[in-house]
Structure formats: structure tokens, C-alpha cells
Amino acid sequence: AQTIHQWPVAEIKAVGSPLSLGCTIKGKSSPNLYWYWQATGGTLQQLFYSITVGQVESVVQLNLSASRPKDDQFILSTEKLLLSHSGFYLCAWSLEGWEQYFGPGTRLTVL
Amino acid sequence: GEQVEQRPPHLSVREGDSAIIICTYTDSATAYFSWYKQEAGAGLQLLMSVLSNVDRKEEQGLTVLLNKKDKRLSLNLTAAHPGDSAVYFCAVTHNYAQGLTFGLGTRVSVFP
């Protein structure tokens, strides 16, 4: 069974519209959670991380926000999308070790 | 902050040959070094990782070398096969809670 699930798989949204992307971790207690953004054909840039429920640290905001409402859930959102938000959003988790494991990602296209 | 350079950006390898990807980093406090594989349209698959007290690690046709003096990390794919065609990223950090800094990636193409 897959440990990490991201939704939706893909989104096409209009500039100025709101966005909410989700990530759920199954079977892991109190994981560290991370959001990364990847421009098409580019590298990954870390956006946010969270080590516990209700606590989120920003690395690069890019006019986005993140929340961790439950131990197994990490949400990425914005009230107003920009063209520059297009790309691939990846959620990752880790436990007490250093290894980070990535989800399948969400492809976002902003038109 | 940490800067990671990765080379080459593209690598074309004959099936059965070896491929080497190199990353250099700037922060001497970097403690964790990892390599990921990304196939088209997919997430990242963790291939191998080492902590700073390890110089060499071999696993299933892959070798990771770490030279802390030169701040250089390498990945050697031995006996490449078509399934190895993908983009490979190095990723490092000095603090596991804070996330990874990635290289720009290397697109590896394995041809018969």
C-alpha cells in the first residue's frame, strides 16, 4: 500500500483563482513533512516543512501558504494563483532518520 | 545558504557502460547526501544516501563516493540498462528537519 498520497493528480486553474493541494501520509506516526516545487524541466525547490501538527516553517513562500491540520496531512494553498505557480508540487515525508520519501506529485497548470 | 552544482546536465550512455554524475556543495556542515531518480512525470525515488562519516557505499549496481575535503559527491551507475534512463538529482542537507537542497539534475539516456 502506498504510504504517501497526493491530491489532485493534476489541476488546470485560471490566474487569480484559489488553490488547495493535499498530501496524506499513511501508517507513519508524527512524520516530518515537506513541500517542494519543481518547474517544468527544472530542479526542486523546498517551500515548507513541518515537524508537528499546527507548526509550519516557510523556506521560500512564492505567495503560497501551508498548513498541517492533522498529523498525517499537509496542505498547500493560495487565494490567488499566478502564472509562475505552474509546475510540479511534491510532498515528502521523513521519520527520525534523514531519508526523505516523495509522493507522486501534483501537476499544476495555471492559464 | 547551501549551493549545489551538478554535472553533467545530460549524459548519453551505451547499454552496459558506466555513467558518473558529480555534485559539489558549499556548506562544510552538510551532513547528509542522497541521490534520487525521477522518471518522466513521476515523483522522486530515493536511490542511495550516506551520512558524512561514510566515504563509499555500493548497492545494486550503484556506487556513491563522498569526498568531504573537496566537497564532492558522485554517483556511479555501473552496467547501465535502458531502465536507468531518467533524471538523477543529488540532494544534501545539514539538518534533516529542514529539508533538502537539490542539484539541477542530470538527464541520463541509455541506448542499445
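Fair warning: this is a prediction, and the values are worked out from it, not measured in the lab. (Residues numbered from 1 in each chain as written. Chains lettered and ligands numbered in written order. Predicted model: local features only at pLDDT ≥ 70, side-chain atom pairs only at ≥ 80, totals over all residues. Heavy atoms only, no water.)

Here we look at the overall build of chain A
Per the secondary structure count, chain A includes 0 helices and 11 strands. In chain A, the succession of helices and strands from N to C terminus is β-β-β-β-β-β-β-β-β-β-β. For chain A, the C-alpha radius of gyration of 13 Å lies close to 13 Å, the compact-globule estimate for 111 residues. The dimensions of chain A, computed from C-alpha atoms along their principal axes, are 40 × 25 × 20 Å. Entry remark: accessible area of chain A is about 5200 Å², with carbon and sulfur atoms responsible for 54%. Looking at chain A, you have 7 positive and 7 negative side-chain charges, and the mean spots of the two groups are 8 Å apart. (Helix = DSSP H or I, 4+ residues; strand = E, 2+ residues; numbered from the N terminus. Rg over C-alpha atoms; globule rule 2.2 N^0.38 Å. Areas by Shrake-Rupley, 256 points an atom, 1.4 Å probe, with all protein chains shown as cover. Lys, Arg positive; Asp, Glu negative; His and termini not counted. Charge placed at Lys NZ, Arg CZ, Asp CG, Glu CD.)

A word on the interface of chain B and chain A
Counting from both sides, the interface comprises 23 residues of chain B and, opposite them, 23 residues of chain A. Summed over both sides, the interface between chain B and chain A buries roughly 1800 Å², with carbon and sulfur atoms accounting for 60% of that surface. Where chain B packs against chain A, one counts 0 salt bridges. Among the secondary structure elements, those contributing two or more residues to the side of chain B that touches chain A are strand E4 (32-38), strand E5 (44-51) and strand E9 (86-93) of chain B. The element contributing the most residues to the side of chain B that touches chain A is E5 of chain B, with 4 residues. Of the residues that constitute the side of chain B that touches chain A, the class distribution is 13 nonpolar, 10 polar and no charged. (Contact = heavy atoms within 4.5 Å. Buried area = accessible area lost by both parts, 1.4 Å probe. Salt bridge = Lys/Arg side-chain N within 4 Å of Asp/Glu carboxyl O. Nonpolar A, V, L, I, M, F, W, Y, C, P; charged D, E, K, R; others polar.)

A few points about the sheet that holds strand E3 (residues 19-25) of chain A
Residues and elements named next belong to chain A. With antiparallel pairing, the 4 strands of this open sheet are ordered in space as E1-E3-E8-E7. Of all strands in the sheet, those bounded by a partner on one side alone are strand E1 (4-7) and strand E7 (65-70). Here the strands of the sheet are splayed against their neighbours by 20° on average, with no regard to which way each runs. Judged from the 6 bridges that link them, E3 and strand E8 (residues 73-78) form a sheet pairing that is antiparallel. Note on E8: the bridge partner recorded for Leu21 is Leu76. (Pairing = 2+ DSSP bridges. Axes fitted to C-alpha atoms, helices over the stretch in contact; angles between N-to-C directions.)

Topic: the state of the cysteines
In the structure shown here, the tally under the stated rule is 2 disulfides over all chains. Each disulfide pairs two cysteine sulfurs, and for Cys23 of chain A the partner residue is Cys91 of chain A, the sulfurs being separated by 2.0 Å. Negative torsions about the S-S bond denote left-handed disulfides, and the value of about -75° found for Cys23 of chain A with Cys91 of chain A makes this one left-handed. In this pair, Cys23 of chain A sits in strand E3 while Cys91 of chain A sits in strand E9 (residues 87-94), placing the two residues 68 residues apart along the sequence. Judged by its relative accessible area of 0%, Cys91 of chain A falls in the buried class. A sulfur-sulfur distance of 2.0 Å marks the disulfide that ties Cys23 of chain B to Cys90 of chain B. A torsion of -95° about the S-S bond marks the disulfide between Cys23 of chain B and Cys90 of chain B as left-handed. On the criterion of sequence distance, the pair formed by Cys23 of chain B in strand E3 (residues 19-25) and Cys90 of chain B in strand E9 is long-range, its members being 67 residues apart. (Disulfide = S-S within 2.5 Å. Buried < 20%, exposed > 50% of the residue type's maximum accessible area, 1.4 Å probe, protein only.)

Side note on the packing of aromatic side chains
Under the definition given, this model contains 11 aromatic pairs over all chains. Aromatic pair Tyr36 of chain A and Phe102 of chain B: ring centres 5.6 Å apart, planes at 85°, arrangement edge-to-face. Pair noted here: Tyr36 of chain A is in strand E4 (residues 32-38) and Phe102 of chain B is in strand E10 (residues 101-102), and the two residues belong to different chains. Look at Tyr36 of chain A and you get buried, because its relative accessible area is 0%. Judged by relative accessible area, which is 6%, Phe102 of chain B ranks as buried. (Phe/Tyr/Trp six-rings, centres within 6.5 Å; stacked < 30°, edge-to-face > 60°.)

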